[in-house]
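# Working through the structure, step by step
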Amino acid sequence: MNVGIVGGGQLARMLALAGYPLGLRFQVLDPAADACAGPVAPLIQGDYDAEDGLNRLADWAEVITFDFENVPAAVARTLGSQVAFYPPAKALETAQDRLYEKTLFWELGIPTPAFATVDSLEELHGAVVQVELPAVLKTRRLGYDGKGQRVLRKSEESEAAWRELGGVPLILESFVPFEREVSVLAARGRAGEIAFYPLVENHHRDGILRLSRVPCQAPELEREGWNYARLLLERLDYVGLLAIEFFVQDGRLIANEMAPRVHNSGHWTLEGAETSQFENHLRAILGLPLGSTAMVGHAVMLNAIGTLPDRAAVLATPGAHFHDYGKAPRPGRKVGHLTLRAGHPEDLRAGLERLLPLVGFAPGEFGSDL
Ligand code: AMP
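Residues numbered from 1 in each chain as written. Predicted model: local features only at pLDDT ≥ 70, side-chain atom pairs only at ≥ 80, totals over all residues. Heavy atoms only, no water.

The element strand β10 (residues 180-188) is extensively covered by neighbouring structure, given that eight of its nine residues are classed as buried. Bridge count for β10 against strand β14 (residues 240-249) is nine bridges, and the pairing is antiparallel. Residue pairing in the sheet places E181 in a bridge with F247 of β14. Across three bridges, the pairing between β10 and strand β12 (residues 200-205) is antiparallel. Within β12, the position partnered with S183 by the bridge is V200. Inspection of the sheet shows β10 paired to strand β11 (residues 194-196) by three bridges, in the antiparallel sense. If you follow R188 over to β11, its bridge partner there is I194. Between β10 and β11, which pair antiparallel and follow one another directly, the connecting turn spans five residues, one of which, G192, has a positive phi of 95 degrees. (Buried < 20%, exposed > 50% of the residue type's maximum accessible area, 1.4 Å probe, protein only. Helix = DSSP H or I, 4+ residues; strand = E, 2+ residues; numbered from the N terminus. Pairing = 2+ DSSP bridges.)

So, in structure tokens, the structure goes:
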């Protein structure tokens, strides 16, 4: 079967790599001539809203998916009227705007930080009173990896934050003094069946995900996370893999955001689960049976940001796996990731002590229990 992917980044690359054993063929659409999925799938070079490339993809593909959430909603709708397009455009549109997203969470009874929309400096002053400080001012659209965000600790900081971010629709949300961050990954098939992955624990630095681990240290929250995921998947009539990021505060889950696609916090599944998130996304959108999401050991995923670590040093670590996305090094860019898998937590810890310095962190950086 022919699978078209809008976007040719590392997620598209890993989708294609997961799909070839199933006998699938891929083409990716991306404006960049050096899109990193290009070496593994034929590239249609074109803008995301240029008809020529989109028509070529739609004519060739039996199903179209995407690898980033800023696919223009109108494009998603047009493609969806021509060919099977998953996850559905409605999920994409909701996830593109933090206000729609949080409103949907709220409607479904999924806890969120207190929030208020901000379209002017006056509204920001009102929102500060309503939401209370500390709070985080965020652009409603196009923010990622902590970009387009500013923490407000005192009301005097409002004007500077408005000058920095204002001019586009914003949202102010209360700052959550979380104990940890976790994510739920779940795949829903065309017939409505759902497969949930074990709850993932995530560690960020400077707004960027650095480390994910399973099992999470708060497994009692897994059921609650799965229930919230089910509500979203069913409301959106979702098909494919969905990721939802949560804060944990006082032993409760508070939803931060969702991503209607395979997700960085699910990369550990490549070696750490019976069926990877990439394969299950493909199985879901093609109407194939979903695979087991069971863990096959304790696993940690480390992102390589900016540059790749030394490959031989990584591979000399027992249980370590190396993933190079084939991207040029650049500060702040996700250029690859490492997975470490072990049968026993002690072995995982020993391996992590060796790997952390290779990606620029001290051995104890993410806590002594890791
Ligand atoms: P986001 O782009 O919304 O995923 O934010 C990136 C990271 O910033 C999150 O993973 C958190 O570490 C932090 N962050 C975002 N929103 C909040 C908040 N309301 N309270 C505390 N930390 C936050």
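Another aspect to go through is the sheet that holds strand β5 (residues 84-85). Taken together, five strands build an open sheet; the order of strands is β3-β2-β1-β4-β5 and the sheet is parallel. Either end of the sheet is taken by a strand with one partner, and the two such strands are β3 (43-45) and β5. Summarising the sheet, strand β1 (residues 2-6) and strand β4 (residues 63-66) pair through four bridges and their orientation is parallel. Bridge pairing in β4 links G4 to I64. Packed on one face of the sheet, helix α2 (residues 51-60) meets β1, β2 (25-30), β3 and β4 and runs near 165 degrees to β2. (Contact = heavy atoms within 4.5 Å. Axes fitted to C-alpha atoms, helices over the stretch in contact; angles between N-to-C directions.)

On to the domain arrangement of the protein. Split into domains, the protein comes out as domain 1 (2-85), domain 2 (114-174) and domain 3 (180-359). Between the C-alpha centres of domain 1 and domain 3 there is a distance of 23 Å. Of the residues lining the interface, 19 residues belong to domain 1; the matching set on domain 3 comes to 21 residues. Together, the buried faces of domain 1 and domain 3 total about 1,700 Å²; carbon and sulfur atoms form 73% of this surface. Note that E69 and R261 form a salt bridge whose closest N and O atoms lie 2.4 Å from each other. Where domain 1 meets domain 3, there are five residue pairs in polar contact (both at pLDDT 80 or more). Listing elements by their share of the side of domain 1 that touches domain 3, those giving two or more residues are α1 (10-19) and β4. A breakdown of the residues in the side of domain 1 that touches domain 3 according to their chemical character gives 13 nonpolar, three polar and three charged. (Domains from an automatic or database assignment. Buried area = accessible area lost by both parts, 1.4 Å probe. Salt bridge = Lys/Arg side-chain N within 4 Å of Asp/Glu carboxyl O. Polar contact = N/O pair within 3.5 Å; in protein donor to acceptor, adjacent residues only side chain to side chain. Nonpolar A, V, L, I, M, F, W, Y, C, P; charged D, E, K, R; others polar.)

An order of β6-β9-β7-β8 is seen for the four strands of this open sheet, with the pairing classed as antiparallel. Of all the strands in the sheet, the pair left with one neighbour each is β6 (115-118) and β8 (149-152). Adjacent strand axes in the sheet meet at a mean angle of 25 degrees, parallel and antiparallel pairs treated alike. Relative to β8, strand β7 (residues 135-139) runs antiparallel, the two being bridged by four bridges. Each residue of the ladder has a partner; that of K138, found in β8, is Q149.

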